[in-house]
Amino acid sequence: QVQLVESGAPLVQPGGSLRLSCAASGRIFTIVRMGWYRQAPGKQRELVATITIDGDTNYADSVKGRFTISRDDAKNTVYLQMNSLKPEDTRVYYCNADISDPTTYTPNNYWGQGTQVTVSS
């Protein structure tokens, strides 16, 4: 089994910065893709950013130029650097990853438990 554990600060002021991290552990052969999604109460979960094993990135239009996703394969960790934060960035942020099993080599999709980010003065 695989676990994704997120960490970050829960409260930040508008215009501030915050870095989220997500560490994967367990039965891991290859982490094919990692990403961040976010969800507001009563809303659908939405893509924030993804990064592939080749380093290709994809961002939601709402965060382009403000957020940067990166990964450290030695640590099985993905980061989301969030700058110029706005109140509308307040969401629960979820880590997501496609990870292949060392026995079957088949990628499975996993979610973290989510971490609340609140942007408020």
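Keep in mind that what you see is a predicted model, and the values were worked out from it rather than measured.

Trainee: Before we go on, may I ask you to explain unusual backbone geometry in this structure?
Mentor: Note on backbone geometry: most residues besides glycine have negative phi, and most peptide bonds are trans. Not every positive phi belongs to a glycine, and Asn76 is a case in point at roughly 50 degrees. Relative to the elements of secondary structure, Asn76 occurs in the loop between strand E7 (67–72) and strand E8 (77–82). Assessed through its relative accessible area of 25%, Asn76 is described here as partly exposed. Residue Ser84 is not a glycine yet carries a positive backbone phi of 50 degrees.

Trainee: I tried to follow the pattern of salt bridges on my own but got confused; where do I start?
Mentor: Once their charged atoms are close, side chains differing in charge can pair, the charge on each being opposite to the other. Going through the model one piece at a time under the given rule, you end up with eight salt bridges. Notably, a salt bridge pairs Lys64 with Asp61, separated by 3.1 Å at the nearest N-O pair. Judged by its relative accessible area of 65%, Asp61 falls in the exposed class. A cluster of three or more residues bridged by salt bridges with shared partners is formed by Arg38, Glu46, Arg66, Asp89 and Arg91.

Trainee: What am I meant to see in the environment of Tyr37 here?
Mentor: Position of Tyr37 relative to the elements: it lies in strand E4 (residues 30–39). Under the relative-accessibility criterion, Tyr37 is labelled buried at 19%. Sequence spacing of Tyr37 and Thr106 is 69 residues, and the spatial spacing of their C-alpha atoms is 23 Å. Those residues in contact with Tyr37, other than ones at most four positions away along the chain, are Arg45, Glu46, Leu47, Val48, Thr50, Val92, Tyr93, Tyr94, Asn96 and Trp111.

Trainee: Mind showing me how you'd approach the side chain of Thr50 here?
Mentor: Mapped onto the fold, Thr50 is located in strand E5 (residues 46–52). For Thr50, a relative accessible area of 11% puts it in the buried group. Every residue in contact with Thr50, bar those within four places of it in the chain, is listed here: Arg33, Met34, Gly35, Tyr37, Asp56, Thr57, Asn58 and Ile69.

Trainee: Help me understand the nonpolar core, please; the structure alone is not making it clear to me.
Mentor: It is characteristic of soluble globular proteins that their nonpolar side chains tend to be buried jointly. The biggest cluster of nonpolar side chains holds 29 residues, and the ones touching the most others in it are Leu4, Trp36, Leu80, Met82 and Tyr93. When residues of this core are traced back to their parent elements, those giving at least two are strand E1 (2–7), strand E3 (18–26), E4, E5, E7, E8, strand E9 (91–100) and strand E11 (115–119).

Trainee: What is the right way to read the environment of Val92 from this model?
Mentor: Position of Val92 relative to the elements: it lies in strand E9. Among residues more than four places away in sequence, those in contact with Val92 are Tyr37, Arg38, Gln39, Gly114, Thr115 and Gln116.

Trainee: What is the right way to look at the sheet that holds E7 in this model?
Mentor: Hydrogen bonding along the main chain pairs the strands of a sheet, whether they run parallel or antiparallel. On the basis of which strands lie adjacent, the open sheet formed by four strands has the order E1-E3-E8-E7 and antiparallel pairing. Looking at strand neighbours, the two that pair on one side only are E1 and E7, the edges of this open sheet. Strand-to-strand, the axes of this sheet are offset by a mean angle of 15 degrees, without reference to chain direction. Pairing between E1 and E3: six bridges, direction antiparallel. Residue Ser7 lies in a different strand from E3, and its bridge partner there is Ser21.

What counts, and where the lines are drawn
- Residues numbered from 1 in each chain as written.
- Predicted model: local features only at pLDDT ≥ 70, side-chain atom pairs only at ≥ 80, totals over all residues.
- Heavy atoms only, no water.
- Helix = DSSP H or I, 4+ residues; strand = E, 2+ residues; numbered from the N terminus.
- Buried < 20%, exposed > 50% of the residue type's maximum accessible area, 1.4 Å probe, protein only.
- Salt bridge = Lys/Arg side-chain N within 4 Å of Asp/Glu carboxyl O.
- Contact = heavy atoms within 4.5 Å.
- Core = buried A, V, L, I, M, F, W, Y, C linked by side-chain atoms within 4.5 Å.
- Pairing = 2+ DSSP bridges.
- Axes fitted to C-alpha atoms, helices over the stretch in contact; angles between N-to-C directions.

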